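Structural characterization, general
The primary structure of each chain is shown beneath.
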Amino acid sequence: MKLMRLGGAGAERPAVRTDDGRVLDLSPVTGGGDIDRAFLAGGGIERAREALAAGGLPELPDAGDLRVGAPVARPGKVVCIGLNYRDHARETGAAAPPRPVVFMKDPGTVIGAYDEVLIPRGSVRTDWEVELAVVIGRRARYLETEEEAAGVVAGYAVSNDVSEREFQLDYSPQWDLGKSCETFNPLGPWLVTADEVDDPQNLGLRLWINGTERQNGHTGDMIFDIRHLVAYLSRYMVLEPGDVINTGTPAGVALGLPDQPYLRPGDVMELEIDGLGRQRQTLGQA
């Protein structure tokens, strides 16, 4: 099942995209609510699946004309994993980390998959990162096993962990300044529920800048896999429904390329992950 949110920023309507491309109104299930922490914690995915199977969801009129918002409203936190692909670690000259590199990103950076991304004022090193995002569906703390970790995952989405490398690497020993600029986390276009992703470690990720392929990786190249990451994080923080985990990027970012072709206003980013959809953003200036 593919969950979506359509409409203007702050006024999105919850929806389901069917396999044949129809978009159905999820409001009868949410009762005026949203695809958010309460929906996920309250069995919303199960209720949506039942309503879909029963044919109880009407089509959403003019869905094709509506903005596509992020598929999860107001995530409580965005947790990111750095240097989690072997080829990306090599291209940056870093050794493979012995344990996950964890940093936080302002959840206010989360925007829709086709929204404009703004280059920050004073930036000369804005970069791209296609990533597999994990959305948490149940409260998780001190998980004992990776099997338990799999059970708290609501689903998966395409994420673009946009980064400003000067802010990230030169201005502070922590990475947050270069990761938390406004619009720096397009998410979606939809949330694919976990039951529809047979193996999250068997997905291709690709990204193009102005039509030129820059990243072409595979989640099988992760140093720490999804289950390990969820269990690991639960030992150090409580994961809540709606939280997003960006799980790292493969090689091909501007930072690792010989000519370092950082983003400029007017550039176009396109990215996709097998089975999870495709994004497209144009760069503007803040």
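Figured I'd write up the structure that's included with this text. This is a predicted model, so every value here is computed, not measured.

Topic: the sheet that holds strand β5 (residues 101-105)
Taken in spatial order, the 9 strands of this open sheet run β3-β2-β1-β13-β10-β9-β16-β4-β5, and their pairing is mixed. The sheet is open, and its two borders are formed by β3 (23-25) and β5, each paired with just one other strand. This sheet shows a mean twist of 30 degrees between the axes of neighbouring strands, independent of strand direction. Across 3 bridges, the pairing between strand β4 (residues 78-82) and strand β16 (residues 244-246) is parallel. From the neighbouring strand, V79 faces β16, where its bridge partner is I245.

Looking at the pairing of strand β2 (residues 13-17)
Bridge count between strand β1 (residues 2-6) and β2: 5 bridges; the pairing is antiparallel. By the bridge assignment for β2, M4 is matched with A15. As consecutive antiparallel partners, β1 and β2 are separated by 6 residues, and within that stretch G7 has a phi angle of approximately 130 degrees, a positive value. Here 3 bridges tie β2 to β3, and the two strands are oriented antiparallel to one another.

With respect to the sheet that holds strand β15 (residues 212-218)
One open sheet holds the 5 strands; their spatial order is β7-β18-β17-β14-β15, and the pairing between them is mixed. In the strand order of this sheet, the two ends are held by β7 (117-119) and β15, each with one partner. Neighbour-to-neighbour, the strand axes of this sheet turn through a mean angle of 20 degrees, independent of strand direction. Across 3 bridges, β7 lies against strand β18 (residues 277-285) in parallel orientation.

Structural notes on the nonpolar core
With 57 residues, the main nonpolar core has W128, V230, M269 and L276 as its most contacted residues. Per element, the largest residue contribution to this core is 6 residues, and it comes from helix α7 (residues 226-234). Apart from residues lying up to four places away in sequence, V230 is in contact with V134, I136, L143, A149, V152, V153, L239 and I245. Formed by 26 residues, the second largest nonpolar core is a distinct cluster that contains M1, F39, A48 and L57.

Quick look at the pattern of salt bridges
Here the idea is simple: oppositely charged side chains can pair when their charged atoms come close. Overall, the coordinates contain 23 salt bridges when judged by the stated rule. Between D19 and K2 there is a salt bridge; the shortest N-O distance is 3.8 Å. In this pair, D19 is assigned in the loop between β2 and β3 and K2 in strand β1, connecting sequence segments 17 residues apart. Relative accessible area serves as the criterion here: at 70%, D19 is assigned to the exposed category. The buried category is assigned to K2, whose relative accessible area is 13%.

Cut-off values and rules
- Residues numbered from 1 in each chain as written.
- Predicted model: local features only at pLDDT ≥ 70, side-chain atom pairs only at ≥ 80, totals over all residues.
- Heavy atoms only, no water.
- Pairing = 2+ DSSP bridges.
- Helix = DSSP H or I, 4+ residues; strand = E, 2+ residues; numbered from the N terminus.
- Axes fitted to C-alpha atoms, helices over the stretch in contact; angles between N-to-C directions.
- Core = buried A, V, L, I, M, F, W, Y, C linked by side-chain atoms within 4.5 Å.
- Buried < 20%, exposed > 50% of the residue type's maximum accessible area, 1.4 Å probe, protein only.
- Contact = heavy atoms within 4.5 Å.
- Salt bridge = Lys/Arg side-chain N within 4 Å of Asp/Glu carboxyl O.

By themselves, these observations are geometric and do not establish any function.
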